[in-house]
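# Coordinates in review
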Amino acid sequence: MRKKIINIILDNNREFISGEEISKQLGISRSAVWKHIKSLKEEGYNIESINKKGYRLKEKPKDLLSSQNIAHELNTKFLGKSIFHFETIDSTNTYAKKIASEEVDGTVVISEEQTLGRGRLGRIWDSKAYEGIWMSIILKPNILPYRTPFLTIIAGASIANALNNLGVSVGIKWPNDIILNGKKLCGILTELSAEIERVNYIVLGIGMNVKNLNFPNEIENIATSLCKEGYDLSRVDIVREILCELEKNYLEFIKNENREKIIDTYKKYSVVLGKNIFVIKNDDRELVECVDINIDGNLIVKKSNGAIKEVMSGEVSV
Ligand code: BT5
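Conventions and cut-offs
Residues numbered from 1 in each chain as written. Predicted model: local features only at pLDDT ≥ 70, side-chain atom pairs only at ≥ 80, totals over all residues. Heavy atoms only, no water. Domains from an automatic or database assignment. Near = heavy atom within 4 Å. Polar contact = N/O pair within 3.5 Å; in protein donor to acceptor, adjacent residues only side chain to side chain. Helix = DSSP H or I, 4+ residues; strand = E, 2+ residues; numbered from the N terminus. Nonpolar A, V, L, I, M, F, W, Y, C, P; charged D, E, K, R; others polar. Buried < 20%, exposed > 50% of the residue type's maximum accessible area, 1.4 Å probe, protein only. Arc of directions from axis to C-beta. Contact = heavy atoms within 4.5 Å.

To continue, consider the domain arrangement of the protein. Each assigned domain of the protein is listed with its residue range as follows: domain 1 (2–57), domain 2 (67–269) and domain 3 (276–317). Each of domain 1 and domain 3 has a C-alpha centre, and the two are 57 Å apart.

So, in C-alpha cells, the structure goes:
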C-alpha cells in the first residue's frame with residue numbers, strides 16, 4: 001500500500017493531492033493514508049502536508065535505493081519485481097543466498113551499506129553508506145551449471161551498456177571489473193548453487209562506487225567513483241538502467257543462446273583485447289598478448305614463445 005501511495009505522489013509531479021483523493025483511488029480510509037504518509041516521512045521522503053490542500057513531494061526524494069523508488073517506472077518483466085532494501089547489512093550476496101530458495105526469480109537485494117561486503121576469493125569489498133550501489137540479483141535459469149560462468153560476461157556487458165546509456169563511457173577488464181579512466185568503478189561477484197545437472201540459483205552481486213570521494217588507503221590508487229570522475233548520477237536511475245539491460249541480455253542468452261551478440265558487446269568495451277597483459281595465477285605473472293575473447297568468454301592469449309593458450313579464470317593486469 002505504501003508503494004502505491006508513493007507512486008501516486010511521485011506521479012503527481014510535486015503538486016498537492018488531497019488525502020481524500022488518495023483514499024478514493026486506493027479504497028482505504030483517510031486515517032490509513034495519513035499513517036502511511038507518516039511512515040514514508042520517517043523513511044526519508046520529504047512529503048509536505050497542508051490542511052485542506054493535501055500532500056505533495058516537497059523535493060525529489062533523497063536518492064534512496066528503496067523498493068518504491070526503484071520500482072517506480074522500472075520497465076522490466078521480472079528483474080526487480082521483488083526488492084529487499086536494507087539500510088545496512090553484512091553482505092547482500094550472503095543475504096540473497098539465504099533467501100534464494102524461497103524467493104522468486106529476479107529478486108533483488110540492495111543495501112545502503114554493507115559491513116562485510118565481499119569480493120572474490122574472500123577479498124573485502126568497501127561498501128560505505130549511501131556512497132554506492134551494493135546489490136545482488138537472484139537468478140534461477142533452467143540451464144546446465146557449466147553455462148553459468150557466462151553470466152558474469154552478461155553482467156559486465158549489461159553494466160557497461162547501462163552506464164554508456166547514461167553518458168559514462170567505461171571499459172571492461174576481464175573478467176569482472178568495470179573500469180573508468182583506468183581505475184576500478186565496479187566489481188561483479190557471481191555465486192552459484194547447483195547440482196550436477198541443475199542450477200538451483202545464481203546470485204549476481206554488483207558493487208558500484210557512485211558518490212565516494214575517498215577510499216581506504218589500500219585501494220585509493222586503484223578505485224574510483226562516478227562522482228570522483230565528474231558524473232553526478234542518481235543511484236536509482238543507474239539501478240533501473242542496469243536491471244533493464246541485464247534482463248534484455250539475460251533473456252537473449254536463456255531463450256536464444258545468443259552469445260555472439262553479447263560477446264561482441266563485451267569485446268567492444270574490453271580494455272585488454274589486443275594489449276600486452278600479465279596473467280596472474282597465484283604468485284606467477286606471465287606477460288602475454290591478448291588476441292581474442294572467445295564465445296565462452298575466455299581469454300585467448302599468445303605467449304612469448306608464440307603458443308596460443310585459453311585462459312578460463314583468474315586475474316589479469318594491463
Ligand atoms: C569484485 O571482487 O570485484 C567483486 C565485488 C562485488 C561486490 C558486490 S557488492 C554487492 C554484493 N555483495 C557482496 O558482498 N559483494 C557483492 P574482486 O575482483 O575480488 O575485487 C576485490 C578487490 O577490489 C579488493 O581486493 C580491493 O583491491 C578492490 N576493492 C575493494 N573495494 C573496492 C571498491 N569499493 N571499489 C573498487 N575496488 C575495490
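Back to the write-up after that little detour.
For the ligand, the set of nearby residues contains 27 residues, the closest of which are Ser91, Arg118, Arg123, Lys184 and Asn209. One nitrogen or oxygen atom from the side chain of Arg123 is found 2.6 Å from an oxygen atom belonging to the ligand. Within the contact set of the ligand, an oxygen atom lies 2.7 Å away from a side-chain nitrogen or oxygen of Lys184. Broken down by secondary-structure element, the contributors of at least two residues to the shell around the ligand are α5 (92–99), β5 (132–139), β8 (183–194) and β9 (199–209). Of the residues belonging to the shell around the ligand, the class tally is ten nonpolar, twelve polar and five charged.

Attention now goes to helix α2 (residues 19–26). The periodicity of an α-helix, 3.6 residues per turn, causes residues three or four places apart in sequence to face the same way. Within α2 the residues assigned to the buried category are Gly19, Ile22, Ser23 and Leu26. On an axial view of α2, the arc spanned by its buried residues comes to 95°, and they lie on one face. Buried residues along α2 sit in contact with α1 (2–11), α3 (30–42) and β2 (54–57).

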